[in-house]
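For reference, the chains in residue letters:
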Amino acid sequence: MRAAVLLEQGRPLEAADVPPPRPESGQVLLAVEACGVCRTDLHVRDGELPEPKLPLVLGHQIVGRVLGGGGRFAEGARVGVPWLGWTCGECAFCRSGRENLCERARFTGYTLDGGFAELAVADERYCFELPGAPAAVELAPLLCAGLIGYRALRFAGDAERLGLYGFGASAHIVAQLAAAQGRRVFAFTRAGDERAQSLAVELGAEWAGAAGERPAELDAAIIFAPAGELVPQALAALARGGTVVCAGIHMTDIPSFPYELLWGERSVRSVANLTRADGRDLFAELRRHPVRTEVEVFGLEQAEEALARIRAGEVRGAAVLALTPSGSAAS
Ligand SMILES: [Zn+2]
Ligand SMILES: [Zn+2]
């Protein structure tokens, strides 16, 4: 099968013919229709996340059709494979509804092969059933950008005035959900990024502008951009009792800041991975409040180019690889 393979961190992905994966007991074999490209893929490729499986097939937002070994899924069913690929089921975290924190967890497209390939295998217990429409490329970003964004939004509590720092794949989904929930959304981007700012306003943000600006006091802020200097900036914009949620898996160092910014019961927290319950809840929420995803579609051979565009902040919405004609067709 064709796959985009990472042989060594810091080197470009290479499109190659590789042996197809063989499903083990409990795994589904999937024909990949589409796979989202996430900033986390970029962090793995660039070496900011340590010790991936090598060689590695990246990609943890897989939309595929079941070819075999389906378990609870019929052959031909459309399923989604997220970042969380396996957990131990035995540790204190797994037994308390926090499987996202399992120290033995395995992750799709990082410690397990992912979906930048024509075929993929996945533990069926961690797959989500997906609807037959819309097109696979439009569903794929929900599987990480949507899921992590949704988990981050829950940690924002009942914040009415919500700041989103970095308006990429995740924020463009969260903005729509938050607006549908009746929150006021303020989108902070790099100065002068008019493409992202216009998308934010189109998708329900009340205001969009540069990160240093102060359009309103905020009840909560979610930081999607991997830039540590945004943490004190977001804290400075918070009302008393507010929370800054860091939603990325990697961030540059956070500069020191005066205690005054944290005083008043403000808090800073991170969001790590996802649980299967997050997925069930997100897809239920999306039935109440449908969102549209804005995608830039690439072929498998262009995986490296898609990563480069994410690195440069040039993607409007989310980047997705289409593996089959049906993956990119609006069905
Ligand atoms: Zn565990
Ligand atoms: Zn991701």
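Reading the values: rules and limits
- Residues numbered from 1 in each chain as written.
- Chains lettered and ligands numbered in written order.
- Predicted model: local features only at pLDDT ≥ 70, side-chain atom pairs only at ≥ 80, totals over all residues.
- Pairing = 2+ DSSP bridges.
- Helix = DSSP H or I, 4+ residues; strand = E, 2+ residues; numbered from the N terminus.
- Axes fitted to C-alpha atoms, helices over the stretch in contact; angles between N-to-C directions.
- Contact = placed C-beta atoms within 7 Å.
- Core = buried A, V, L, I, M, F, W, Y, C linked by C-beta atoms within 7 Å.
- Buried ≥ 20, exposed ≤ 12 C-beta atoms within 10 Å, placed from the backbone.
- Domains from an automatic or database assignment.
- Parallel < 35°, antiparallel > 145°, perpendicular 65-115°, else oblique.
- Left-handed = near helix turned anticlockwise from the far one by under 90°.
- Nonpolar A, V, L, I, M, F, W, Y, C, P; charged D, E, K, R; others polar.

Enquirer: Lay out the sheet that holds strand β11 (residues 161-165) with the relevant residues and their values.
Expert: The pairing of strands in a sheet comes from backbone hydrogen bonds and takes either a parallel or an antiparallel form. The strand order β13-β12-β11-β14-β15-β16 describes an open sheet built from six strands, whose pairing is parallel. This sheet does not close on itself; its edge strands, each paired only once, are β13 (207-210) and β16 (267-270). For this sheet the average axis-to-axis angle between neighbouring strands, irrespective of direction, equals 20 degrees. The pairing of strand β14 (residues 218-223) with strand β15 (residues 238-246) spans five bridges and is classified as parallel. Each residue of the ladder has a partner; that of Ile 223, found in β15, is Cys 246. Relative to strand β12 (residues 184-189), helix α4 (residues 169-180) is tilted by about 160 degrees, and along the sheet it contacts β11, β12 and β14.

Enquirer: Before we move on, can you summarise the nonpolar core with the specific residues and values?
Expert: One finds Leu 164, Tyr 165, Ala 187, Ile 222, Ile 223 and Leu 321 to be the most contacted residues of the largest nonpolar core, which totals 113 residues. Both domain 1 (2-144 + 274-328) and domain 2 (147-270) contribute no fewer than three residues apiece to this core. If near-sequence neighbours (up to four positions away) are discounted, Tyr 165 is found in contact with Phe 188, Ala 211, Ala 221, Ile 222, Ile 223, Phe 224, Ala 225, Leu 230 and Ala 234.

Enquirer: So, the pairing of strand β6 (residues 78-81): which residues are in play, and what are the values?
Expert: The two faces of β6 match: Arg 78 and Gly 80 on one face and Val 79 and Val 81 on the other face are all buried. As defined by bridge partners, strand β5 (residues 62-68) adjoins β6 across four bridges and the pair is classed as antiparallel. Residue Val 63 lies in a different strand from β6, and its bridge partner there is Gly 80. Bridge count for β6 against strand β10 (residues 128-129) is two bridges, and the pairing is antiparallel.

Enquirer: An account of the pairing of β14 is needed here, citing residue identities and associated values.
Expert: Among the six residues of β14, six are classified as buried, and the element is accordingly described as predominantly covered. Where β11 lies against β14, four bridges are found, and the strand directions are parallel. In the strand pairing of β14, Leu 164 is matched with Ile 222.

Enquirer: Could you give an account of the sheet that holds strand β2 (residues 14-17), naming the residues involved and the relevant values?
Expert: Reading across the sheet, the three strands line up as β2-β1-β4 and stay open at both edges, with antiparallel pairing between neighbours. With one partner strand each, in any of the chains shown, β2 and β4 (56-57) form the two edges of the open sheet. With four bridges joining them, strand β1 (residues 2-6) and β2 adopt antiparallel strand pairing. Following the sheet pairing, Ala 3 is matched in β2 by Ala 16.

Enquirer: Lay out the environment of Ile 222 with the relevant residues and their values.
Expert: Take Ile 222: it is sitting in strand β14. When the C-alpha positions of Ile 222 and Arg 98 are compared, they lie 21 Å apart, and in sequence the two are 124 residues distant. Not counting the four nearest positions on each side in its chain, Ile 222 is found in contact with Ala 152, Leu 153, Ala 156, Leu 164, Tyr 165, Val 174, Val 245 and Ala 247.

Enquirer: How would you summarise the packing of helix α3 (residues 145-155) against α4 if you had to cite specific residues and measurements?
Expert: Relative orientation of the contacting elements α3 and α4 amounts to 55 degrees, with a least axis distance of 8 Å. Considering the angle they form, α3 stands oblique to α4. Considering the relative orientation of α3 and α4, their crossing is right-handed. Residues Ala 145, Gly 146, Ile 148, Gly 149, Tyr 150 and Leu 153 of α3 form the contact with α4, whose participating residues are Ala 169, Ser 170, Ala 171, Ile 173, Val 174, Leu 177 and Ala 178. Split by residue class, the contact of α3 with α4 holds ten nonpolar, three polar and no charged.

Enquirer: Requested: an account of the domain arrangement of the protein chain, with residues and values cited.
Expert: Split into domains, the protein chain comes out as domain 1 (2-144 + 274-328) and domain 2 (147-270). Between the C-alpha centres of domain 1 and domain 2 the distance comes to 25 Å. At the interface, 25 residues of domain 1 touch 18 residues of domain 2. Elements represented by at least two residues in the side of domain 1 that touches domain 2 include exactly α1 (39-46) and α7 (276-288). Considering every element that reaches the side of domain 1 that touches domain 2, the biggest residue donor is α7, with four residues. Split by residue class, the side of domain 1 that touches domain 2 holds twelve nonpolar, seven polar and six charged.

Enquirer: Tell me about unusual backbone geometry, residues and numbers included.
Expert: Between Leu 54 and the following residue, Pro 55, the backbone shows a cis peptide bond with an omega angle of -15 degrees. Looking at the element boundaries, Pro 55 is found in the loop between α1 and β4. Pro 134 follows Ala 133 through a cis peptide bond whose omega is 0 degrees. Along the polypeptide, Pro 134 turns up in the loop between β10 and α2 (136-139). A positive phi angle, close to 60 degrees, is found at Asn 273, a residue other than glycine. Positionally, Asn 273 belongs in the loop between β16 and α7.

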